Structure formats: structure tokens, C-alpha cells
Amino acid sequence: MIAYLEVAEKAARAAGELLRAHFEKPLTVNAATAHDIKLEVDVLTQNLITEILLRQHPEHALYGEEGLVGDQSSEYQWVVDPLDGTVNYFYGLPHFCTSIALRRRGEIIVGVIYDPLREEMWSGMKGQRPMFNGKEFQVSRRAALAEAVISVGLPKTSATIDAGLPLLQQMVHRVRKCRMLGSAALDLAYVACGRLDAYIEQGISLWDIAAGLLLVESAGGRVEMKPRADLPDKFSIVASNGLLDLSS
């Protein structure tokens, strides 16, 4: 499994170099909606990641935000978000990352999240302690909700925004601070290493959270994820240090 982790880290660093090179430069917008933007650099970055991963493992498949490659029923499937935090990136906000995970028969066994501006890398393998820039890490030990800092994500559709707003209002009154940082993958990385105590979102894609899910659980935290019946391929997620009572 170490070989899979190494190639994922290599791909993440290469993606980071490309993203740094284009950051705060003129960008080509491929598509824009009310609450989201798709950039040419998203596609370029996923193509680079795909080339590195599948050159090393051509029998694998890739399931990415910018498209699918290979036989999706393959035993091994890479789950990739080449640029998580695209809106941040487009507006020059220095908070975004690349997220790469590997699933074997549907189980996530490798996860890497890389913030290229801060040069911070979280990486982990199933059953082993995760690493942050070469050092082991774990979730926070805060058990009191009144002392917690949590991230509440507001998704991209009217329905999920409407579902998320009451949750945000409820949590604002219960925790020390709520944050909305604009990158689900980094939110999960921050929960995993104790910068945040929890992350909650009502409608998120697998590529946003696959690597972070492994990191949080490997660092001693808890993740509850449920598919949304009303939104195909979207999930609701609650990730925490496992000590907080986040119930209503």
C-alpha cells in the first residue's frame, strides 16, 4: 500500500506546482453557475494527476470532479478533486487544495490532501496513523461544544442551502465559533489534525471528502456520511473528533 501512497503524494505535489503557477494569474472560466465556478485549470490539474496515477497503475480507474477515466468497476479506483476551493482560487483567496484518495472494492485505503500555498500535506493509509508533513497527528480532545470551533459548509443548490442555514444558525449559538472556509477537503484535514473540532455539510460530493474521511478516522475521529435521496451522488456528512455531542 505504501507504493499507492507515494504515487498519490507525488501527484498531489505536481498538482500543487501547477496550481501555484496559475494562482492570481488570468484564468479561463469554463462554466459558471449561481454558486460555483469551473476553471480550465481544474481540468489541466486533473489531467496531470491522471497521467501520473494511471501511468504508474494503468489497470486502475479514476473518478474525478472533472471526469471519469477507465473502467469504474475496477478493483482500484482513484477519487480525485484536483482543485477543492475553486471559487476561493478564482477570487485570489489563498485557501484551496488537491485531494486524492484510493478505493479498493469501495473501501478507502489511501488519502492525501495537499495545500500548495502553505506546503502542507496530510497523508494516510488504512489502519495506520496519518502524517502531517512527516509527523503523526490526531484529532482535538475538546469535548465541550461551547469550546469548539466547527465548519458548516453551505452547498451549491437552493435546496441544500435552505437545509444548511438552520443548522448554521443552531450551531452559531452552541459553539465558540463557526467557520465557512470554502474547501471541504481542507475542513476535513483541519478536523483530522485538531485545528477544527467538527465539519458539517448537507450536500457534498465523494471527491471532496474521500481523502479527508480516511484522515479523520485514522486520526481518531468519527465520520457519519449518508447519501442524499434527493441529490444523486451527493452526501450529508458530519466529521468530528468523536467527543462532541452534535445532536440537535
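Above: the structure in question.
Residues numbered from 1 in each chain as written. Predicted model: local features only at pLDDT ≥ 70, side-chain atom pairs only at ≥ 80, totals over all residues. Heavy atoms only, no water.

Trainee: Can you help me understand the nonpolar core in this one?
Mentor: Side chains of a nonpolar character, in soluble globular proteins, are inclined to be buried together. Residues Ile 113, Trp 122 and Tyr 199 are the most contacted members of the largest nonpolar core, which totals 34 residues. Of all the secondary structure elements, the ones that give two or more residues to this core are β6 (97-104), β7 (107-115), α5 (184-193), β13 (198-205), α6 (206-218) and β15 (234-240). At nine residues, the largest contribution of residues to this core is made by α6. In this structure, Ile 49, Leu 54, Ile 100 and Val 112 belong to the second largest nonpolar core, which totals 23 residues. (Core = buried A, V, L, I, M, F, W, Y, C linked by side-chain atoms within 4.5 Å. Buried < 20%, exposed > 50% of the residue type's maximum accessible area, 1.4 Å probe, protein only. Helix = DSSP H or I, 4+ residues; strand = E, 2+ residues; numbered from the N terminus.)

Trainee: I'm lost on the pairing of strand β14 (residues 222-227) in this one. Help?
Mentor: Regular strands place their side chains on alternate faces of the sheet. Pairing between β14 and β15: six bridges, direction antiparallel. If you follow Met 225 over to β15, its bridge partner there is Ile 237. Turn length for the β14-β15 hairpin, with the two strands adjacent in sequence and antiparallel, is six residues, and the turn residue Asp 233 shows positive phi of about 65°. (Pairing = 2+ DSSP bridges.)

Trainee: Even after reading the chapter, I still don't get the sheet that holds β13, so can you show me in this structure?
Mentor: Hydrogen bonding along the main chain pairs the strands of a sheet, whether they run parallel or antiparallel. The five strands lie next to each other as β12-β11-β13-β15-β14, forming an open sheet whose pairing is mixed. Taken across any chain shown, the strands that pair with only one partner, and hence form the sheet edges, are β12 (177-179) and β14. Ignoring which end each strand starts from, the neighbouring axes of this sheet average 20° apart. Examined bridge by bridge, strand β11 (residues 149-153) and β12 share three bridges and lie parallel to one another. (Axes fitted to C-alpha atoms, helices over the stretch in contact; angles between N-to-C directions.)

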